[in-house]
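Descriptive analysis of the structure
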Amino acid sequence: MGTTQAFTYCRICEPLCGLEATVRDGGLLQIRPDRRHPLSKGFACPKGIAMTEVQNDPDRVVHPLRRRADGSGFDRVSWDEALDDIAGRLNAIRRRHGGEAIGWYFGNPATFSYSHPLWMNGFMAALGSPHFYSAGSQDTNNRFAASALLYGSPVLVPIPDLKRTDLLLMLGANPHVSHGSLITAPRVKDDLAAIVRRGGRVIVGDPRRTETARAYEHLPVLPDGDAWLLLSLLNVLFDEELEDRDACARQATGVRTLRRLAAAFPPEETASRSGVPAPTARALARDLAAAERAVVYGRTGTCLGRYGTLTAFLIDAVTLVTGNLDRPGGGIFGGSPIRVDEILRLSGLATYGRTRSRVGGYPDVLGTFPAGVMAEEITTPGPGRLRALLVSAGNPVSSLPGSAAVDAALDELDLLVCIDLYVTDTGRKADYVLPATTFLEREDFPLPFLQNHLTRTSRGPSPSSRRAARPARNGRSSTTSRGGCGSASARSVRNGSRTASASARRRAAWSTRCCAPDRTATGTGCGAAASACANSANARTASSSPTTTAPGRCGAGSCTRTGACTSPRRRSSPRSNGSPPRPPRRPSSRCA
C-alpha cells in the first residue's frame, strides 16, 4: 500500500483540531497538525499529537477479554464467545427482572462519536430501561437543564462570540489549558488575545489564579460563589436602570419577577458569599451595561457547586438584561447544517424531567440520570433494581463522587461489561472487557458539535471523517473515542430573520424558572433543577471523567453558512441616579 497522508481531526476535546496522519500499510506512523485546516490552522496540542502512542500501544485492549472465575485476571476469548455469553446473560436477566434491570454508563469520549450514541440510545430504548448514566452529570448537565428551562431545548446553549465581543466575563473556565468547553474554537488563545488587541477586556472569575487568569484580569471569586456574584450584578443593573428594556421586552417574560428576586441581593450583602467586594461588583455591572458588545461565559467550574443550574440560568440572565443575548458579540446560538436540536426533539431525546430516577427522584437530562445515584440503584432492593451494567469509554470507579461506594456496588452486579481502549479500574471488576476502535480506525462526523463552532468566514465541504488507520488487529467494536470537527457558522439572527433553531425563538420564561440561593424557589425552579446534576451532596468533589486519549479525521474543509445579523438600536433611557442616558448601540454589522 505504501505511505499515504490522511487528514482527520482530534477527538480528545472540543476544539476538534485538524490533524494530518502519516499511514503506511494501514499502520499509523505519526500525527502532526493540519496546516490547511480552516479553523485550527496548524495548531494541535500535545495530546492530539501523542495519539500515535495510544494507537500503537502494546498494552491497549485489542481482543475481547473474559475475567477468570477466581478473579485473578483475564483470558483472551473470541468475539463469538464473548458476545454469545454476554447476550445469553443479559437475556436471562431480562427474562427474570425485565429490561429495566439493565443499565448503561458512558464517559465523555463516547459523545465524540456520532454512531456510538445513536446505537447506544437504540439499545436502551429497545430494553425499555431508564438506567442511563453519563459523565455529563459531573460537568455539564446543569447547563443543559438551564437551557431546557429557558429555551425549551436542553441543547440550545448560547456560545460567547469571542471574535466580536468587547468584554468577556469568564467564570469557572481555564481555556488556556482546557481549550474551551461548549464552544468549538481551536485557536481560543488567539481569540482571547484578539479581544484585548482590539481594545476589549477579558475578566476571569475564578477562586484560583489560573493560567488564563494570569494572562488577563483576574476576579477572585469564592468557591460556589458565582451565583451570588451574578445576582449582585443583576441587582445593580435593575437598581440603576441599566437594563436593556427593549431586549427584555422582546426576548423574555417575567422580567419583573427577576427584578424582584434580584432586589434581595445587593453587592454589599453578597460580598461575603461571592468574595467580590461591593465596589468591584458594582463597577463590573456598569461595565457590562456600558460595553457595546459583552458576554458572560461559564464552564465546568460553575457546574460543580450546589447552585450549578441556577448559575447557568443567571449567566444567560445577565447576558439578556444587558442586551447581549442572541446578538453579535454577545451570547449567540450556533447555526448547524444539520438541525441537531430538531433531530433530538423529534426522536424524543431532547428531554429534561420527562422521567425521574428510582432513587432520589431526580429528573433526567437528555435521557440520563445523575451518575451519583448509580451505586444506590445497584444496592437498593425492589422493582427496577440495576443488576447488569455496560460501561463504554468511562471509568466510574475513579471518576464518580463516592468512589468507594461505587467500587463496592459494582461487585453486586450480575454482569458488568466494559468497552474501552484499556483495562481501567472499572474494567478490572468487569466480567468482560471489549476492545473499542480509536477515532483513527473509523469514519466519523461531528454531529453533537456542529452548532458549537465559532467561525465567521471559513468555507469548505461538509466536515466528515474517513477511517485513517485499520482497526487494531481484531478490534471491531464501534465505540469509544472522540469525534467532531468541521465548522458550522456560529450566527445569530434577529428581528424576524430565521434563528438557528425554531426553539430559540421561544421567549425565555424568567418568571417561573428563577430562584436564589437559600431562598424559596418559584415554580419548578432552577434550584430544584440543580439536583439533577449534583449527583450527590458532595457534588463539588466530583472529578471529571477520565480522558481516554484518541484523536481523528476531519474532512479537508468545513461547512459554513452565512447570514445577515441585524439588531435594532438600543433605546437610551434616563437613569434615576441622574447620570446621562447611555448612547444607543450601533446597529450590528453583517455577520457571516
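Residue positions are given per chain, counted from 1 along the sequence in the order it is written. Local features in this predicted model are restricted to residues whose pLDDT is 70 or higher, and side-chain atom pairs enter the listing and the counts only when it is 80 or higher, whereas totals over whole chains, interfaces and linings include all residues. Note: side-chain values were computed over all heavy atoms of the structure, leaving out hydrogens and water.

1. Description of the side chain of histidine 63
Note on placement: histidine 63 falls in the loop between helix 2 (51-55) and strand 4 (65-67). Overall, histidine 63 belongs to the buried group, its relative accessible area being 14%. At 3.3 Å, the side chain of histidine 63 forms a polar contact with the side chain of arginine 76. A helix here means a DSSP run of H or I that spans at least four residues, while a strand means a run of E at least two residues long, and both kinds are numbered starting from the N terminus. Under the scheme applied here, a residue whose accessible area is under 20% of the maximum for its type counts as buried, over 50% as exposed, and between as partly exposed, the area being computed with a 1.4 Å probe on protein chains only. Any pair of N or O atoms that falls within 3.5 Å is considered a polar contact. Within protein, one atom must be able to donate a hydrogen and the other to accept it, and sequence-neighbouring residues count only if both atoms are side-chain atoms.

2. Quick word on helix 11 (residues 226-239)
Any helix carries an expected span of 1.5 Å times its number of residues minus one. In this model helix 11 runs 20 Å from its N-terminal to its C-terminal C-alpha over 14 residues, within 8% of the 20 Å that 1.5 Å per residue would give. Across the 14 residues that make up helix 11, a large majority, 13, are buried.

3. Describing the pairing of strand 10 (residues 201-206)
The buried count for strand 10 comes to five of six residues, which makes it a mostly enclosed element. Being paired, for any two strands, means DSSP has found at least two bridges between them. Bridge count for strand 9 (residues 167-171) against strand 10 is five bridges, and the pairing is parallel. Looking at strand 10, one finds that leucine 167 is bridged to arginine 201. Pairing analysis gives four bridges linking strand 10 to strand 11 (residues 217-220), with the strands arranged parallel. In the sheet register, isoleucine 203 faces strand 11, and the bridge partner there is glutamate 217.

4. Looking at the sheet that holds strand 13 (residues 294-298)
Strand order in the open sheet formed by four strands is 11-10-9-13, and the pairing between neighbours is parallel. Edge positions in the open sheet fall to strand 11 and strand 13, since each of these has one partner strand only. Between one strand axis and the next, the sheet turns by 20 degrees as a mean value, whatever way the strands run. We call two residues contacting when some pair of their heavy atoms lies within 4.5 Å. Fitting a line to C-alpha atoms yields each axis, with helices limited to the stretch in contact; the angle taken between N-to-C directions then spans 0 to 180 degrees. Taken strand by strand, helix 11 contacts strand 9, strand 11 and strand 13, and its axis lies near 150 degrees from that of strand 9.

5. Some points on the environment of leucine 156
Tracing the backbone through its elements, the reader meets leucine 156 in the loop between helix 7 (141-151) and strand 8 (159-160). For the pair leucine 156 and alanine 146, spaced ten residues apart in sequence, the C-alpha separation works out to 9.7 Å.

6. Considering the nonpolar core
Inside soluble globular proteins, nonpolar side chains tend to come together where they are buried. Only buried residues count toward a nonpolar core, which is a set of Ala, Val, Leu, Ile, Met, Phe, Trp, Tyr and Cys residues joined through side-chain atoms within 4.5 Å. Counting residues in each nonpolar core, the largest one holds 46 residues, and the members touching the most others are Leu169 and Leu234. Listed by contribution, the elements that provide at least two residues to this core are helix 7, strand 9, helix 11, helix 13 (255-262), helix 15 (278-290), strand 13 and helix 17 (308-321). Broken down by element, the residue count for this core peaks at ten residues, all from helix 11. Setting aside chain neighbours within four positions, we find leucine 234 in contact with Leu258, Ala262, Leu314, Ala317, Val318 and Val321. Counting residues in hydrophobic clusters, the runner-up holds 39 residues, among them Ile31, Ala44, Val77 and Leu415.

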